[in-house]
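So the chains spell out like this:
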Amino acid sequence: MENTNYLALDMFDQGNYYTVSDLNELINEMYECELQSGQDLETVKGWFFENHKVFEIKGEYKELNSI
């Protein structure tokens, strides 16, 4: 079984990118303060996808707009 990885590119700083196997974990880490102050997870996921171009990597790159 092939593992899925993700490449998340910051749309405002192309030099800033993340390669991860768990997108939810990355989003939780990036928006930890907002989540602790009561923001909804779906809201911060929306912010993440507004600010990052995300690709799914399974032998080939596939662009994602949400998870």
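Residues numbered from 1 in each chain as written. Predicted model: local features only at pLDDT ≥ 70, side-chain atom pairs only at ≥ 80, totals over all residues. Heavy atoms only, no water.

Describing helix α1 (residues 23-30)
Point 1. If you check which residues of α1 are buried, you get Leu-23, Leu-26 and Ile-27. The buried residues of α1 occupy an angular sector of 95° when the element is viewed end-on, so they sit on one face.
Point 2. In this structure, the buried side of α1 is in contact with β1 (5-10), β2 (17-20), α3 (41-51) and β3 (52-57).
Point 3. Where α1 starts, the residue carrying a side-chain oxygen 3.0 Å from the main-chain nitrogen of Asn-24 turns out to be Asp-22. (Buried < 20%, exposed > 50% of the residue type's maximum accessible area, 1.4 Å probe, protein only. Helix = DSSP H or I, 4+ residues; strand = E, 2+ residues; numbered from the N terminus. Arc of directions from axis to C-beta. Contact = heavy atoms within 4.5 Å. Polar contact = N/O pair within 3.5 Å; in protein donor to acceptor, adjacent residues only side chain to side chain.)

Considerations on the confidence of the model for the chain
Point 1. Confidence in the prediction for the chain averages 90 pLDDT; 97% of positions are at 70 or higher.
Point 2. The weakest mean pLDDT in the chain belongs to strand β4 (residues 61-64) at 77; the strongest belongs to helix α2 (residues 32-36) at 97. (pLDDT = per-residue confidence, 0-100.)

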